[in-house]
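What follows is the residue order along each chain.
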Amino acid sequence: MKRKIAFETAKSGWREPYAQGIILAVAAAVVVVWVLTKPIVFTQDTITYINAARELRLGQSTGDIFSRLPAFPAVLAAFHITDLEHTVFWLIVFQACLAVGSCWLFYLTARLLSPRLGAFVVSIIFIASLIPFVQVKHIMTEQTFLFETMLTAFGMVAYLLARTMRGAWSSLAVLGVGTTLM
């Protein structure tokens, strides 16, 4: 008997792992070039998030620490970015992984909608647009938001196309995680 996969709506052929590998490899190559050629961008909002991360790390609060998105200061605190003295290298690596993950989720979503060559072509066009990579070196929330948007879109499409109750519940879980993180 064939084992059913929760998010699978079309039969995966022998080419599917290769297509996913190519999408991941191309996205990784583009993000490496992007990271090596673009400067790190700090804005006034970056300073606000860093200050919130410092307050979060110290357990202090001025009362409006979470007037903005609370998850990003927590991410900064996790990477020990609580002032401008700390390196942002690992945060950029994390954001680069989110960019590659966004490309992969875009492909998986497109694959649900167009199981043949169309998903692959549209995903390559998405990568070529550079949309997933523009914010990688910005110390801001946009990169995490793009990933969360792709996760939510994948969960929503998977839910709408689910053929089993288990697939529907799995899709709702992914949708819930993506929406909650947003």
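In this text, all values refer to a predicted model and were calculated from it rather than measured experimentally.

Draft legend 1. Spotlight on the overall build of the protein. A count of helical and extended segments in the protein gives seven helices and zero strands. Its helices and strands in sequence order give the protein the pattern α-α-α-α-α-α-α, from N to C terminus. Going through the 182 residues of the protein one by one, you find that 37% of them count as buried. The long-range share in the protein, meaning contacts at least 24 apart out of those at least 6 apart in sequence, stands at 71%. For the protein, the exposed area adds up to about 10600 Å²; of that, 68% sits on carbon and sulfur atoms.

Draft legend 2. Region of interest: the pattern of salt bridges. On inspection of all chains with the given rule, the structure shows one salt bridge. Here Glu 16 ties to Arg 111 by a salt bridge, and the two come within 2.5 Å at their closest N and O atoms. Here Glu 16, found in helix 1 (residues 16-37), pairs with Arg 111, found in helix 4 (residues 89-113); they are 95 residues apart in sequence, far enough to count as distant. Since its relative accessible area comes to 13%, Arg 111 is described here as buried.

Draft legend 3. Region of interest: unusual backbone geometry. Of note in the backbone geometry, His 80 takes a positive phi value of approximately 60° without being a glycine. With respect to the helices, strands and loops of the structure, His 80 is situated in the loop between helix 3 (71-78) and helix 4. For His 80, a relative accessible area of 41% puts it in the partly exposed group. The phi torsion at Leu 130 lies on the positive side, around 70°, for a residue other than glycine.

Draft legend 4. Seen up close, helix 2 (residues 44-58). Over its 15 residues, helix 2 runs 21 Å from end to end, which matches the ideal 21 Å to within 8%, given 1.5 Å per residue. Looking at the buried side of helix 2, the elements it contacts are helix 3. Of the residues that open helix 2, the one with a side-chain oxygen 3.3 Å from the backbone nitrogen of Asp 45 is Thr 43. Positive phi appears at Gly 59, one or two residues downstream of helix 2, with a value of about 80°.

Draft legend 5. Examining the packing of helix 2 against helix 3 more closely. It is the contact of helix 2 with helix 3, at a shortest axis distance of 8 Å, that shows an interaxial angle of 70°. Compared by their axis directions, helix 2 and helix 3 come out roughly perpendicular. Judged by the twist between their axes, the crossing of helix 2 over helix 3 is right-handed. Of the residues in helix 3, those touching helix 2 at Tyr 49, Ile 50, Ala 52, Ala 53, Leu 56 and Arg 57 are Phe 72, Pro 73, Ala 74, Leu 76 and Ala 77. Within the contact of helix 2 with helix 3, the residues separate by chemical class into ten nonpolar, no polar and one charged.

How each quantity is defined
- Per-chain numbering applies: the sequence of each chain, read as written, is numbered from 1 onward.
- Predicted model: local features are reported for residues with pLDDT of at least 70 only, side-chain atom pairs are reported and counted for 80 or more only, and whole-chain, interface and lining totals are derived from all residues.
- Water and hydrogen atoms play no part in the side-chain values, which are based on all heavy atoms of the structure.
- Put simply, DSSP H or I for four residues or longer makes a helix, DSSP E for two residues or longer makes a strand, and each gets a number counted from the N terminus.
- When a residue's accessible area, from a 1.4 Å probe over protein chains only, is under 20% of the maximum for its type it is buried; when over 50% it is exposed; and in between it is partly exposed.
- The contact rule is simple, with two residues in contact once any of their heavy atoms fall within 4.5 Å.
- Here the open area of atoms and residues is found with the Shrake-Rupley method and a 1.4 Å probe, where only the protein chains shown may cover a residue.
- A pairing counts as a salt bridge when a side-chain nitrogen of Lys or Arg comes within 4 Å of a carboxyl oxygen of Asp or Glu.
- Here the expected length of a helix is defined as 1.5 Å per residue gap, with one fewer gap than residues.
- Any pair of nitrogen or oxygen atoms within 3.5 Å is treated as a polar contact; in protein, a donor-acceptor pairing is required on top of that, and neighbouring residues in sequence qualify only through side-chain atoms on both sides.
- Axes here refer to lines fitted to C-alpha atoms; in helices the fit is confined to the stretch in contact. Angles between the N-to-C directions go from 0 to 180 degrees.
- Here is the rule for angles: anything less than 35 degrees is roughly parallel, anything more than 145 is roughly antiparallel, 65 through 115 is roughly perpendicular, and the remaining ranges are oblique.
- Left-handed describes a crossing in which the near helix is turned anticlockwise from the far one by less than a right angle; the clockwise case is right-handed.
- Ten residues, namely Ala, Val, Leu, Ile, Met, Phe, Trp, Tyr, Cys and Pro, are considered nonpolar, four, namely Asp, Glu, Lys and Arg, are considered charged, and the remaining ones, Gly among them, are considered polar.

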